[in-house]
Amino acid sequence: MMKIIRNTLSCLLVAPFALHAAEPSSDVESLDALRAFIEVYEHIKGEYVEEIDDQTLLNDAINGMLTKLDPHSGYLKPRDVSSLRDSTSGSFGGIGIEMDVVNGLIEVIAPIDDSPASRAGILAKDVITHVDDQPIRDISLQEAIDILRGPLGSTVELGIVREVQGKAEELTVALERAVIRVTSVRQEMLPHGVGYLRISQFQNRTGPDLIKAIGNLKAQGQLNGLILDLRNNPGGVLSAAIEVVDAFIDQGLIVSTKGRDEFLDAKYEATTATVLDREPIVILINGGSASAAEIVAGALQDHERAVLIGTPSFGKGSVQTILTLENNYALKLTTALYYTPNGRSIQATGIQPTIQVSGGEALIESDTRVREADLPKHLENAGTEDITSERVVDRLTKDNQLLHAYNLLRGAQLLAR
C-alpha cells in the first residue's frame, strides 16, 4: 500500500510541472508541502522505533488536518457514525454528557436529564481533567467520546475542575455507565394555567412530541402562558428546532445558514401550521443551551414571540455536514454558520437573554416584623386554603430562573384582565 500511495502522490507532484512551464507561487508552496508529507511518511514507515501500518498513519494524518480546523470537524470511523446516529435517535450508552473540547480539555456543555452525570451533579462548564486517574491533555472530541464510553455497568472516575465564585475547585466523581435514553419533551401544568415544557435535546421526534405535549397541557384546562425550558439543552437535529419554532409563529424567517460556497446557503421559513400563536411564552436559557437550542431562542426572540430569561447561551453557531466516504468512514466538516432572523450570528457570542437572571435557589427574604397572626387572641381566618401544592412551591423557590419566568407570566395575566 505504501508503494501505491508514494506513486500516487509522486504523480500529483510531477504532473503539474509537465503541463505548465510556470506555476503560481501558491501552487508551488502546496507542492513543496506534499513533498514534505511524502518524506515524513517514508521516514516514519521505515525508521520509527515501532512499526505502524499504513491505515493508522493515514487516519492520523487526516485527523491532524481536521483537528486544526475547529473543535467540531472530525474524521468518523464506522462506529463513530453509528454513535452519532444513536444520539439523534435518543438512545445510547455512556455517562450522559454533551461536551466540547476547549484547548485540549473536555468541557461539559450540559448533562443529559436523568443520566448518571446529571444525578451525580455534573454541571455545564465543568472541565474534566482526569479519567480514571489518567490526565486529559491535548485530546480530540472523538478521543474524548472513546474514553468516556465503555461497557454498560462499568465505573469511570472523573477528575473535575469547577469554577465557583471566581475560584477553581477540584472534585472527583465516580459514575456508572448506563444506557442513556433521552426523553426529548417533558410537560407539566403549573398553577394559574401556566404550562411548563422542558426540551432536553433536539431529536428526530421532538417536533411532533412538542405538539402532543402542548395538546396535553390544553386538555388540562385554560393555557394562559408557556415556559419553554431550554437550559442545558446541547442542541441536536436542525429540522427539529425549525419545527419547534414553526409551532409558535405563522410567518417569517426561522433561521438561515451561510457558507463559503453559495450551495450551502439556505433559508428556513415558517408555515401557517401553528399550535400556540397568541399565548405569551418565556424561554429559559443558560450557558448549557447550545446549537439548535440557540436557534429556537434566537428566532423567537427576534420575532418578539418570547421573552428570554436566564444567562447567555453557549455560542455554538456553526453547521456540520456529514459526508459519507467510500471506506464506510465519514467526514464531519464545518461548512456554514447559523444566523437568526435578524441576521445575528450565534457563533462564539451566543444568545443574550432579554432579562438576565442567575440560576440556583430563589432568594426570598423573610419579614421578621410582628404580624397580625403573631398577636395574642388574634381571630383565625376561616377562608379557603391555598391549593398550590407544596411540591410546586418548593420547586419554584429552588429554581430562581423558573420562579422569575412564572412571575412574569402571572403578572401578564393579571395586567390583561
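Counting restarts for each chain: residues are numbered from 1 in the order of the written sequence. Note on the predicted model: pLDDT of at least 70 is required for a residue's local features to be given, and 80 or more for side-chain atom pairs to be given and counted; whole-chain, interface and lining totals, by contrast, use all residues. Side-chain numbers come from the whole structure's heavy atoms, not from hydrogens or water.

### Things to note about the environment of Q251
By definition, any uninterrupted DSSP run of H or I lasting at least four residues is a helix, any uninterrupted run of E lasting at least two residues is a strand, and each is numbered from the N terminus. Along the chain, Q251 falls in the loop between α8 (238-246) and β13 (253-259). The spatial distance from the C-alpha of Q251 to the C-alpha of E269 is 7.0 Å, given a sequence separation of 18 residues.

### Notes on the packing of helix α7 (residues 206-219) against α8
Here the axes come from fitting lines to C-alpha atoms, over the contacting stretch only for helices, and the angles between their N-to-C directions go from 0 to 180 degrees. Orientation of α7 relative to α8, taken along the N-to-C sense of each, is 30°, at an axis distance of 8 Å. With respect to α8, the axis of α7 lies roughly parallel. Residues T206, G207, P208 and L210 of α7 lie in contact with α8, whose contacting residues are A240, E243 and V244. For this scheme, ten residues count as nonpolar: Ala, Val, Leu, Ile, Met, Phe, Trp, Tyr, Cys and Pro. Four count as charged, namely Asp, Glu, Lys and Arg, and the remainder, Gly too, count as polar. Of the residues belonging to the contact of α7 with α8, the class tally is 4 nonpolar, 2 polar and 1 charged. Roughly parallel means an angle under 35 degrees; roughly antiparallel means over 145; roughly perpendicular covers 65 to 115; every other angle is labelled oblique. We call two residues in contact whenever any of their non-hydrogen atoms come within 4.5 Å of each other.

### With respect to the sheet that holds strand β15 (residues 281-285)
Between any two strands, at least two bridges found by DSSP are needed for them to pair. Strands sit in the order β10-β11-β12-β15-β16-β19 across an open sheet of 6 strands; the sheet is mixed. In this open sheet, the two strands that pair with only one neighbour each are β10 (185-190) and β19 (355-356). Relative to β19, strand β16 (residues 306-310) is paired through 2 bridges, and the arrangement is parallel. Each residue of the ladder has a partner; that of G310, found in β19, is Q356. Strands β12 (225-229), β15 and β16 of the sheet are contacted by helix α9 (residues 292-302), whose axis makes an angle of about 130° with β16. Of the strands in this sheet, β10, β11 (194-199), β12, β15, β16 and β19 are in contact with helix α11 (residues 400-416), which crosses β15 at around 170°.

### Here we look at the confidence of the model for the protein chain
Values of pLDDT, ranging from 0 to 100, describe the predictor's confidence in every residue of the model. Counting all residues, the mean pLDDT for the protein chain is 88, and 90% of those residues have values of 70 or more. Every residue in residues 9-22 scores below 50 in pLDDT, and together they form 14 contacts with partners more than four places removed in sequence or on other chains.

### What about the packing of aromatic side chains?
Only rings of Phe, Tyr and Trp enter the pairing, Trp through its six-membered ring, and a pair is recorded when the two centres are within 6.5 Å. The plane angle decides the type: under 30 degrees is stacked, over 60 is edge-to-face, the rest tilted. If you walk through the whole model with that rule in mind, you get 2 aromatic pairs. An angle of 35° between the planes, with centres 6.1 Å apart, marks the rings of F37 and Y41 as tilted. Linking F37 with Y41, this pair stays in helix α2 (residues 25-47), spanning 4 residues, or about one helical turn. Between Y75 and Y329 the ring centres are 4.9 Å apart and the planes differ by 25°, which places this aromatic pair in the stacked class.

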